[in-house]
Amino acid sequence: EPFAVSRLAHDAAVASLEDEDYKRTILDANKSGMQYLYQSFTSLGYDVVQSHTNFLFVDMKCDTSIMFERLMRMGILIRPCAAWGLKNYARITIGSEEQNRKLVDALKQLSKKH
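Residues numbered from 1 in each chain as written. Predicted model: local features only at pLDDT ≥ 70, side-chain atom pairs only at ≥ 80, totals over all residues. Heavy atoms only, no water.

Comments concerning the pattern of salt bridges
Using the criterion set out here, one finds 6 salt bridges in the structure. Note that Glu20 is salt-bridged to Lys23, the shortest N-O span being 3.2 Å. Residue Glu20 and its partner Lys23 are located together in helix α2 (residues 20-43), separated by 3 residues, close to a single helical turn. Residue class for Lys23 comes out partly exposed when judged on its relative accessible area of 27%. Note that Asp28 is salt-bridged to Arg24, the shortest N-O span being 3.3 Å. Placement of both Asp28 and Arg24 in helix α2 is noted, with a separation of 4 residues, approximately one turn of the helix. By relative accessible area, which is 41% here, Asp28 ends up partly exposed. Using a relative accessible area of 49% as the deciding quantity, one classes Arg24 as partly exposed. Three or more residues are tied together by salt bridges with common partners; here these are Asp47, Asp59 and Lys61. (Salt bridge = Lys/Arg side-chain N within 4 Å of Asp/Glu carboxyl O. Helix = DSSP H or I, 4+ residues; strand = E, 2+ residues; numbered from the N terminus. Buried < 20%, exposed > 50% of the residue type's maximum accessible area, 1.4 Å probe, protein only.)

Remarks on the packing of helix α3 (residues 64-73) against helix α4 (residues 97-113)
Where α3 contacts α4, the axes come no closer than 11 Å and their chain directions differ by 115 degrees. The handedness of the crossing between α3 and α4 is right-handed. Touching Met67, Arg70 and Leu71 of α3 are Leu103, Ala106, Leu107 and Leu110, all from α4. (Axes fitted to C-alpha atoms, helices over the stretch in contact; angles between N-to-C directions. Left-handed = near helix turned anticlockwise from the far one by under 90°. Contact = heavy atoms within 4.5 Å.)

Description of the packing of aromatic side chains
Counted according to the given criterion, the structure contains 2 aromatic pairs. Both rings, one in Phe41 and one in Tyr46, keep their centres 6.3 Å apart while their planes meet at 65 degrees; by these two values the pair is edge-to-face. Considered together, Phe41 and Tyr46 belong to a single accessibility category, that of buried residues. Above the ring of Phe55, the side-chain terminus of Arg91 is found at 3.8 Å from the ring centroid. (Phe/Tyr/Trp six-rings, centres within 6.5 Å; stacked < 30°, edge-to-face > 60°. Lys NZ or Arg CZ within 6 Å of the ring centre and 35° of its normal.)

Following this line, the structure appears as structure tokens:
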């Protein structure tokens, strides 16, 4: 499964929580990334649920299984929410600045095509 977490990743995450400087850096980066994605998604016409986590819940205004396939071909993974009866919604994790920009650029390309 593309979103599974290994035991090693779990242990590394737990250890990182003990490093206060690292934790602050990551929290700041997540907050900045969330603001960037929130503003970008809303400017593209998507509805975004306010979040206090490391992901956003986004109404993509289309069947996200189609969006998932198109983005996956571009090397980007999102999580469609059709399994929960929400076919137009996706759960999108906040990434690095580079990953976030790549996602927004890809969404802009796809919106121009359709």
